[in-house]
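Each chain, letter by letter, is given below.
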Amino acid sequence: MATLEIRLKRVNKIYYEGDIVKGVIVVQSRGELTHNGITLTMEGAVNLQLSAKSVGVFEAFYNSLKPIQLVNYSLEIAKPGKLPNGKTELPFEIPLKPKGSKPLYETYHGVFVNIQYHLRAEMKRPLLNKDLQSQAEFIVENKAATKKEALKAVEFSITPESLENVKERAKIPKFLVKGSLDCAQCSITKPFTGELEVVHSDKPIKSIELQLVRVETCGCAEGYSKDATEIQNIQIAEGDVCRGIKIPIYMIFPRLFTCPTLATANFKIEFEVNVVIVLQDDHLITENFPIKVIRC
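Criteria and thresholds
- Residues numbered from 1 in each chain as written.
- Predicted model: local features only at pLDDT ≥ 70, side-chain atom pairs only at ≥ 80, totals over all residues.
- Heavy atoms only, no water.
- Helix = DSSP H or I, 4+ residues; strand = E, 2+ residues; numbered from the N terminus.
- Rg over C-alpha atoms; globule rule 2.2 N^0.38 Å.
- Buried < 20%, exposed > 50% of the residue type's maximum accessible area, 1.4 Å probe, protein only.
- Contact = heavy atoms within 4.5 Å.
- Areas by Shrake-Rupley, 256 points an atom, 1.4 Å probe, with all protein chains shown as cover.
- Polar contact = N/O pair within 3.5 Å; in protein donor to acceptor, adjacent residues only side chain to side chain.
- Disulfide = S-S within 2.5 Å.
- Pairing = 2+ DSSP bridges.
- Axes fitted to C-alpha atoms, helices over the stretch in contact; angles between N-to-C directions.
- Phe/Tyr/Trp six-rings, centres within 6.5 Å; stacked < 30°, edge-to-face > 60°.
- Salt bridge = Lys/Arg side-chain N within 4 Å of Asp/Glu carboxyl O.
- Core = buried A, V, L, I, M, F, W, Y, C linked by side-chain atoms within 4.5 Å.

- The name recorded for the chain in an unreviewed UniProt entry is Down syndrome critical region 3, from Porites lobata.

1. A word on the overall build of the chain
Here is step 1 of the chain: Helix and strand content of the chain: 1 helix and 21 strands.
Here is step 2 of the chain: The C-alpha atoms of the chain give a radius of gyration of 25 Å, which is well past the 19 Å a tight globule of 296 residues would have.
Here is step 3 of the chain: Here the chain holds 296 residues, and the buried ones make up 47% of them.
Here is step 4 of the chain: Relative to all contacts within the chain whose residues are 6 or more apart in sequence, the contacts with residues 24 or more apart total 71%.
Here is step 5 of the chain: Counting only carbon and sulfur atoms, one obtains 51% of the accessible surface of the chain, whose full area is about 15800 Å².

2. Describing the side chain of S225
Here is step 1 of the chain: Turning to its location among the elements, S225 is positioned in strand β17 (residues 223–238).
Here is step 2 of the chain: Of the polar contacts made by the side chain of S225, one reaches the side chain of D227; its length is 3.1 Å.

3. Looking at the state of the cysteines
As used here, a disulfide is simply a covalent bond connecting the sulfur atoms of two cysteines.
Here is step 1 of the chain: For the structure shown, the criterion picks out 0 disulfides.
Here is step 2 of the chain: Of the cysteine sulfurs around C183, a residue in no disulfide, the closest is that of C186, at 6.0 Å.
Here is step 3 of the chain: Exposure remark for C183: the relative accessible area of 10% places this residue in the buried category.

4. Here's the deal with the sheet that holds strand β13 (residues 175–181)
Here is step 1 of the chain: With antiparallel pairing, the 4 strands of this open sheet are ordered in space as β12-β13-β15-β18. Each of the sheet's edge strands pairs with one partner strand only, and the pair in question is β12 (154–158) and β18 (246–251). When strand polarity is set aside, the average angle formed by the axes of neighbouring strands in this sheet is 20 degrees.
Here is step 2 of the chain: Looking at chain direction, β13 and strand β15 (residues 192–201) are connected through 7 bridges and run antiparallel. Looking at the pairing, L181 lines up with G194 of β15.

5. Topic: the environment of P126
Here is step 1 of the chain: Locating P126 in the fold gives a position in the loop between β10 (113–123) and β11 (132–140).
Here is step 2 of the chain: Each C-alpha atom of the pair P126 and T34 lies 7.3 Å from the other, and the pair is 92 residues apart in sequence.
Here is step 3 of the chain: Residues contacting P126, with those up to four places away along its chain left out, are T34, H35 and N36.

6. Section: the sheet that holds strand β1 (residues 2–8)
Here is step 1 of the chain: Read from one edge to the other, the open sheet built from 3 strands follows the order β1-β3-β8, with strand pairing classed as antiparallel. The open sheet is flanked by β1 and β8 (86–95), the only strands paired with a single partner. On average, each strand axis in the sheet is inclined to that of its neighbour by 20 degrees, with strand direction left out of account.
Here is step 2 of the chain: Here strand β3 (residues 20–29) pairs with β8 via 10 bridges, running antiparallel. Directly across from I20, in β8, lies its bridge partner P95.

7. Things to note about the packing of aromatic side chains
Where two aromatic rings form a pair, the distance of their centres and the angle of their planes describe that pair.
Here is step 1 of the chain: Across all of its chains, the model carries 4 aromatic pairs by this definition.
Here is step 2 of the chain: Residues Y117 and F138 carry aromatic rings whose centres are separated by 6.0 Å and whose planes lie at 40 degrees to one another, so their mutual orientation is tilted. A residue pair is termed long-range when its members are at least 10 positions apart, and Y117 in strand β10 and F138 in strand β11 qualify at 21 residues. Each member of the pair, Y117 together with F138, is buried.
Here is step 3 of the chain: Among the aromatic residues, those joined into a ring-pair cluster are Y15, Y117 and F138.

8. Here's the deal with the environment of A78
Here is step 1 of the chain: Among the secondary structure elements, A78 is positioned in strand β6 (residues 68–78).
Here is step 2 of the chain: With a relative accessible area of 14%, A78 lands in the buried category.
Here is step 3 of the chain: Placed 42 residues apart in sequence, A78 and N36 show a C-alpha to C-alpha distance of 8.8 Å.

9. What about the pattern of salt bridges?
Here is step 1 of the chain: Counted according to the given criterion, the structure contains 17 salt bridges.
Here is step 2 of the chain: A salt bridge links K246 to E197, with the nearest nitrogen and oxygen atoms 3.4 Å apart. Here the residue K246 occupies a position in strand β18, and E197 occupies one in strand β15, the gap between them amounting to 49 residues.
Here is step 3 of the chain: If you follow the salt bridges from partner to partner, you end up with E106, E141, R255 and R295 in one network.

10. A short note on the nonpolar core
For soluble globular proteins, the rule of thumb is that nonpolar side chains tend to be buried together.
Here is step 1 of the chain: With 78 residues, the main nonpolar core has I25, I115, L119, F192, I208 and F267 as its most contacted residues.
Here is step 2 of the chain: Looking at this core, the element that brings in the most residues is strand β20 (residues 267–279), giving 7 residues.
Here is step 3 of the chain: Not counting residues within four places of it along the chain, the set of residues in contact with I25 comprises L4, E5, I38, L40, I77, T88, E89, L90, F92 and A121.

11. Some points on the pairing of strand β21 (residues 284–294)
Here is step 1 of the chain: As defined by bridge partners, strand β14 (residues 185–187) adjoins β21 across 3 bridges and the pair is classed as parallel. Paired with S187 across the two strands is I294, which belongs to β21.
Here is step 2 of the chain: Inspection of the sheet shows β20 paired to β21 by 8 bridges, in the antiparallel sense. Looking across to β21, one finds that N274 is bridged to N288.
Here is step 3 of the chain: Hairpin geometry of β20 and β21 is characterised by an intervening segment of 4 residues between the two adjacent antiparallel strands and by a positive phi of about 70 degrees at D282.

Okay, here's the thing in structure tokens:
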């Protein structure tokens, strides 16, 4: 009976391009352990996936959806031999550097786009013994390079006339909601903020919510598949709120499900915020705001 585990020295597991990733491979065994070598591989890749609505639409997609390899580096940790009974720690240091000229994109867990980095340790065992493997994900961030522009508040006013994609405008109750977003260029490490105010509404309000949406685009010159999916939904007001009172907007960006806005030849990751007002009859009023996420 034996186990293999990767432990990183950096507790938060956040690394930058050019860093040395340090840690130990911990092997625990009952009795002496014979092996045919231990290797450590660092891998980083962008994995793209088509949504169900796009499968079969463009044949060209299938060539552009192959994983984009960002990092691939292997290291021999131990030559074939024996490990003693109990716990053995094998230290390692492995450089985080991109493969070729491609830059390292930040870690991102999406629906149709995934950017992930892993360490994989493998111990080869003699015949009739199962090889041991262990995998550990680490997070890659880019050093702050973008200077945030001077804060430019985005003023908005939501009325029946401002709504888009409305079929029966005559049935929409009269209302006026106004407010402002502090900035449409948002630092990923700081909260998204602003305020809104219900000036009047003919029908009572049930809830006011803030939705964070990711817009992922995959494809190539022949065609693109673009899909929007919700990351999180935060209720900022409940019930028929008092008219004329300013309601604060405050939202933290979830780290693994967001990253700085990114556009490449094969994929794009963009973000939007929806202000959603739910009326008592469950009628939804939605206003959409594209935002740019940066690291500054």
